[in-house]
Amino acid sequence: MNILYKTTASATGGRSGQARSEDGVLDVTLTSPKELGGDGATGTNPEQLFAAGYSACFLGALKFVAGKEKVKIPADAKVTATVGIGPRDDGTGFGIEAALAVSIPGVDKETARSLVDKAHVVCPYSHATKGNIDVTLSVV
């Protein structure tokens, strides 16, 4: 694989700490939600960061696929990622799941579904999660 871009980020304090990219553009306070035993203080968490990254990456893949097929993706197209976390059934740790809801206004459902399916193959997040977590796709 020919790597075109690399970045680095670090976290301190685990789920209650800080995360920062090497260039400082990303600099967030991490807090654990009450549902996971945290205090629910203002901040973000790994699941929110994953949802934001996956939704942005998937929309990029969707635009890439649509461009190859000469389909215009409107500026208000949106991918909403919902990420859940909980104990794995095998009792050895935690797992996550993701659901992507894709809205492409002005594009018929059949075309949209075809583009979403193809984007799921192209998207690096989808590739990384394939066979590892449940990912549900929907066109809304």
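Below is a short write-up of the structure. None of these values were measured; they are calculated from a predicted model.

Rules and cut-offs
Residues numbered from 1 in each chain as written. Predicted model: local features only at pLDDT ≥ 70, side-chain atom pairs only at ≥ 80, totals over all residues. Heavy atoms only, no water. Helix = DSSP H or I, 4+ residues; strand = E, 2+ residues; numbered from the N terminus. Buried < 20%, exposed > 50% of the residue type's maximum accessible area, 1.4 Å probe, protein only. Contact = heavy atoms within 4.5 Å. Areas by Shrake-Rupley, 256 points an atom, 1.4 Å probe, with all protein chains shown as cover. Lys, Arg positive; Asp, Glu negative; His and termini not counted. Charge placed at Lys NZ, Arg CZ, Asp CG, Glu CD. Expected span 1.5 Å × (residues − 1). Arc of directions from axis to C-beta. Polar contact = N/O pair within 3.5 Å; in protein donor to acceptor, adjacent residues only side chain to side chain. Phe/Tyr/Trp six-rings, centres within 6.5 Å; stacked < 30°, edge-to-face > 60°.

1. With respect to the overall build of the protein chain
Part 1 of the argument: A tally of regular secondary structure across the protein chain gives 3 helices and 6 strands.
Part 2 of the argument: Counting from the amino terminus, the protein chain carries its helices and strands in the arrangement β-β-β-α-β-β-α-α-β.
Part 3 of the argument: Along the first, second and third principal axes, the C-alpha atoms of the protein chain reach 45 × 40 × 30 Å.
Part 4 of the argument: The buried share among the 140 residues of the protein chain stands at 31%.
Part 5 of the argument: For the protein chain, the proportion of contacts with a sequence separation of at least 24, taken over those separated by at least 6, is 48%.
Part 6 of the argument: Accessible surface for the protein chain amounts to roughly 9000 Å². Of this, 55% is attributable to carbon and sulfur atoms.
Part 7 of the argument: Distance from the positive charge centre (14 side chains) to the negative charge centre (15 side chains) of the protein chain: 7 Å.

2. Re helix α2 (residues 109-122)
Since the α-helix turns once every 3.6 residues, residues separated by three or four places project in the same direction.
Part 1 of the argument: Taking 1.5 Å of rise per residue, 14 residues should cover 20 Å, and α2 covers 20 Å from first to last C-alpha, within 8% of that figure.
Part 2 of the argument: Within the sequence span of α2, burial applies to A112, L115, V116 and A119. Take α2 and look down its axis: the buried residues cluster within an arc of 105°, on one side only. Set apart from the buried face of α2 by more than 90 degrees, the exposed residues are E110 and V121.
Part 3 of the argument: Buried residues along α2 sit against α1 (46-68), β5 (94-103) and β6 (135-139).
Part 4 of the argument: Regarding α2, its N-cap is D108, as a side-chain oxygen of that residue lies 3.2 Å from the backbone nitrogen of E110 further along.

3. Section: the packing of aromatic side chains
Part 1 of the argument: If you walk through the whole model with that rule in mind, you get 4 aromatic pairs.
Part 2 of the argument: The interplanar angle of 65° and the centroid separation of 5.7 Å between the aromatic rings of F50 and Y54 together place this pair among those described as edge-to-face. Here F50 pairs with Y54, and both are found in helix α1, just 4 residues apart, close to one helical turn.
Part 3 of the argument: Overall, the relative accessible area of 22% leaves F50 in the partly exposed class.
Part 4 of the argument: Feature note: the residues F50, Y54, F58 and Y125 constitute an aromatic cluster, connected by ring pairs.

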